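# Structural features, examined
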Amino acid sequence: MNEVPVHVSDVSLAYRLARNRAGTFKEFAIQMLRRQVTIEKLWAVQHASFEVKRGEVFALIGPNGAGKTTLMKVVARVLPPTDGRVIVRGTLAPMISLGAGFNPELTGYENIVLYGTLLGRDPRDMRQSADRIADWAGLNEFMDVPVRAYSSGMLARLGFAIASDIDPDVLVVDEVLAVGDEAFQRKSFDRMMAMMNSGTAVLLVTHQLDKVLEMADRVLWLDKGRVKMIGEPKEVVGLYRESVG
Amino acid sequence: MKATTHYDSAQIRRPLLTEFSNFWSYRGLLRLLVTRDLTVRYKRSILGVWWTLLNPLLTTGIMWLVFGQLFKNRFATGEPYVLYLLAGVLLMTFFSQGMISTGAAITNASGILSKVYVPAEVFSLSTAVAAGVNFVIGLVPLLIIQLTSGVGIPWTALLVPIPALAMLGLVTGLGLLVASAAVYFYDILDITRVLVQLVYYLTPVFWPVSIAGRFEPWVKANPLFSYVDMFRNVAYRGVLPPLWELVVVVGSSLVILAFGVWVFSKGWKNLVGSL
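Reference entry: report on the structure contained in this document.

Rules used in this analysis
Residues numbered from 1 in each chain as written. Chains lettered and ligands numbered in written order. Predicted model: local features only at pLDDT ≥ 70, side-chain atom pairs only at ≥ 80, totals over all residues. Heavy atoms only, no water. Buried < 20%, exposed > 50% of the residue type's maximum accessible area, 1.4 Å probe, protein only. Helix = DSSP H or I, 4+ residues; strand = E, 2+ residues; numbered from the N terminus. Pairing = 2+ DSSP bridges. Core = buried A, V, L, I, M, F, W, Y, C linked by side-chain atoms within 4.5 Å. Contact = heavy atoms within 4.5 Å. Expected span 1.5 Å × (residues − 1). Arc of directions from axis to C-beta.

Before going further, it helps to spend a moment on the pairing of strand β5 (residues 92–96) of chain A. Residues and elements named next belong to chain A. The element β5 is largely enclosed, with a buried count of five among its five residues. One ladder, built from five bridges, connects β5 with strand β6 (residues 170–174); its direction is parallel. The residue of β6 that forms the bridge with Leu-92 is Val-170.

Next up on the list: the environment of Gly78(B). All names here are of chain B. Looking at the element boundaries, Gly-78 is found in the loop between α3 (50–70) and α4 (81–108). Given a relative accessible area of 81%, Gly-78 falls into the exposed group. When the C-alpha positions of Gly-78 and Ser-226 are compared, they lie 18 Å apart, and in sequence the two are 148 residues distant.

Counting residues in each nonpolar core, the largest one holds 76 residues, and the members touching the most others are Ile61(A), Ile112(A), Ile162(A), Ile106(B), Val118(B) and Phe123(B). Apart from residues no more than four positions distant in its own chain, Val118(B) is found in contact with Leu118(A), Tyr26(B), Leu29(B), Ile112(B), Leu113(B) and Phe123(B). The next biggest cluster of nonpolar side chains, apart from the first, holds 52 residues, and it includes Leu86(B), Ala131(B), Phe185(B) and Tyr200(B).

In this section: helix α8 (residues 188–202) of chain B. Compared with an ideal rise of 1.5 Å per residue, which puts 15 residues at 21 Å, α8(B) spans 21 Å between its outermost C-alpha atoms and is within 8% of the ideal. For α8(B), every residue scored as buried is listed here: Ile188(B), Leu189(B), Thr192(B), Val196(B) and Tyr200(B). Down the axis of α8(B), the buried set is contained in an arc of 110°. They therefore lie on one face. Along its buried surface, α8(B) packs onto α1 (25–33) of chain A together with α3, α4 and α7 (161–184) of chain B.

Here it is in structure tokens:
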């Protein structure tokens, strides 16, 4: 049996865009009557195939708009692929814009429970873990305060603490390496490293090429939605740097 | 509820089955979302959750003043007008509030849905259930008025869950249709708000059916008339609803729920990408 945690084979994803996209139903109805509606497919990712093994750090690099985030969202189950197939074995922890699910009116504690549940955990389980999470984020005193009173650094810390509280089989990280102050950055970096060492497969999207060289085992270079190359970090990052100039 | 342990994008989505099993496996989240809906709205107010109770009472009070006192003679219902009103207001508030919040549920959750995998239909169901909980809370003053006015609580009141659950199905089904459409066109919600208001006035909430005169058959052709009438029959009139009413209520609810979920399921693949 194939036990690779992340298996992506020939995946393509198209966003469907209506030409002269009508934002309102009224406009759409008018265009429909005039037969001006044409649906266009915008291919964000085409024919991508790769695997991420246990304990491996797999980085996606490429210029803005290359489809990196889209490809990550396909792996994270957020976007269903238009073509091809994605298989993820085990629990997946997505770290894509942390804290997107926070409700400003709810307290820190309530948000821990809600956000954790959104990530697929049991609410009862979350209530038990709440103290530990608050502790780790260094936000114990603020647990009864609505998060609208939090600073952006505090929000990011809480988001990271919740998302990283489980020991996932697959971790999907999108540009969240720069969270909070320096002390917290080191703390979160250590935590991610610990996860990797315990066998978690990591899929990483970042523009910080030095981080890629430091952490990644393999690198995928995505360009205009297509896989340009997959290989050793030094080689791929070197060629990518050359192409960017 | 367990975290996804295995995800295969090639797994085929089975309309209705997939959604209803999602509702079940995400029931923990559902409960959290419902309480969030109910508490957050009044978080920064003095009376807090008591507004849930006050809102239908105030609406009823205003209508009672206008139609029960000023236009007294024209709105003769042949039964205690306050009960007639409050029952109508409660069930139709369930409908209108539920439609508006359920219709906006998916677009409101776009921040979450475009970052984390959660079945979108869970958000729609949670808002519909929240409207249902508001309705259930509103039953308390209705029953108190029944007791104090001497009408009493008939045994048929045990059947209240039938129109209530049917309304939940109707709101969830219609709401899912609106919510999916609202992802593509933002003015769908404005259109819905107007239509909901229209339906509210076309349904005998504060006016007796007899007032419609020769339009009476048309009034009764509106399925919501049957919902409201059935609710009044069982809640305080102590009358068993006629069979056709039961068929209309339960039938329309199931058909629309199935239709809404099915359409949602068919269009689901393009939904998140368009958020």
